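As a plain string of letters, each chain reads:
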Amino acid sequence: QWDKKTGHLAPLYEHPDDWETTFNGNFSIRYWMSQGAPAKKLVMGMPMYGQAFTLEKTNSNGLNAIAPGPGQAGEFTRAAGFLAFYEICQRVNGGGWTVVRDPEGRIGPYAYKDRQWVSYDDVEDIRRKTKFVKDLGLGGAMIW
């Protein structure tokens, strides 16, 4: 939320709407490897929480939408700007939130309702990232 605009928490690949082309897992992992880090010594982290924002306007709710502050704290996590995966599931499965997915799978989904917005990784994205880890022969993956 320090950027004052929405963005994905942990993109795997560059997205055309990115304002910084190096903020993604693919670039980071390949950069470390290009600098001599052995693949087997690299472990890729994957978030089990979402980055949440409060939008300036309800009708501007895509990537890079103006977001002057953090999203409302979750009932259990109680930290503004962060929602646990299970808090996100409650919102998207029964709370009336709209989910938006990148058809090419470069980033995980984001969801919004009114002025609340959250980006996160879902099961499909964890599978995609796990395949990425295996395909590159990395040392492993971890969740945070």
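Going along each chain's sequence as written, the residues are numbered from 1 onward. Restriction of local features to residues with pLDDT of at least 70 applies here, the model being predicted, together with a cutoff of 80 or more for giving and counting side-chain atom pairs; totals for whole chains, interfaces and linings are based on all residues. Note that the side-chain values use all heavy atoms of the structure and ignore hydrogens as well as water.

1. Some remarks on helix α3 (residues 123-136)
So, point 1. Comment: elements are numbered from the N terminus, with helices defined as DSSP H or I runs of at least four residues and strands as E runs of at least two. Residue count minus one, scaled by 1.5 Å, sets the expected span of a helix. Compared with an ideal rise of 1.5 Å per residue, which puts 14 residues at 20 Å, α3 spans 20 Å between its outermost C-alpha atoms and is within 8% of the ideal.
So, point 2. Along α3, the positions that sit buried rather than exposed are D125, I126, K129, F132, V133 and L136. Along α3, the residues classed as buried sweep out an arc of 115 degrees about the axis, all on the same side. Pointing more than 90 degrees away from the buried face of α3 are the exposed residues R127, K131, K134 and D135.
So, point 3. Contact between two residues is taken to exist if any of their heavy atoms lie within 4.5 Å; hydrogens are not considered. On the buried face of α3, the contacting elements are α1 (25-34), β1 (43-46) and β8 (140-143).
So, point 4. The definition of a polar contact used here is a pair of N or O atoms within 3.5 Å, where within protein one atom must be able to donate a hydrogen and the other to accept one, and adjacent residues in sequence count solely through side-chain atom pairs. Of the residues that open α3, the one with a side-chain oxygen 3.2 Å from the backbone nitrogen of E124 is D122.
So, point 5. G137, located one to two residues past α3, shows a positive phi value of around 65 degrees. Throughout, exposure labels follow a simple rule: accessible area from a 1.4 Å probe, protein chains only, divided by the maximum for the residue type, with under 20% read as buried, over 50% as exposed, and the rest as partly exposed. The arc in question is the one spanned by the directions pointing from the helix axis to the C-beta atoms.

2. Considerations on the environment of K129
So, point 1. With respect to the element layout, K129 can be found in helix α3.
So, point 2. Between the C-alpha atoms of K129 and L12, which are 117 residues apart in sequence, the distance is 7.1 Å.
So, point 3. Discounting chain neighbours no more than four positions away, the residues touching K129 are A10, L12, M44, M46, P47 and D121.
So, point 4. Within the local environment of K129, its side chain forms a polar contact with the backbone oxygen of A10, the two atoms lying 2.6 Å apart.

3. Overview of the pairing of β1
So, point 1. Side chains M44 and M46 project from β1 onto a buried face, and the interleaved V43 and G45 project onto a face without burial.
So, point 2. One requirement defines pairing of two strands: DSSP has to find at least two bridges between them. Across four bridges, the pairing between β1 and β8 is parallel. Paired with G45 across the bridge in β8 is M142.

4. Notes on the pairing of strand β6 (residues 110-113)
So, point 1. With three bridges joining them, strand β5 (residues 98-100) and β6 adopt antiparallel strand pairing. When the bridges of β6 are listed, V100 appears paired with Y110.
So, point 2. Summarising the sheet, β6 and strand β7 (residues 116-119) pair through four bridges and their orientation is antiparallel. Bridging across to β7, Y110 finds its partner in S119.
So, point 3. Hairpin geometry of β6 and β7 is characterised by an intervening segment of two residues between the two adjacent antiparallel strands and by a positive phi of about 55 degrees at D114.

By themselves, these figures tell us nothing about what the structure is for.
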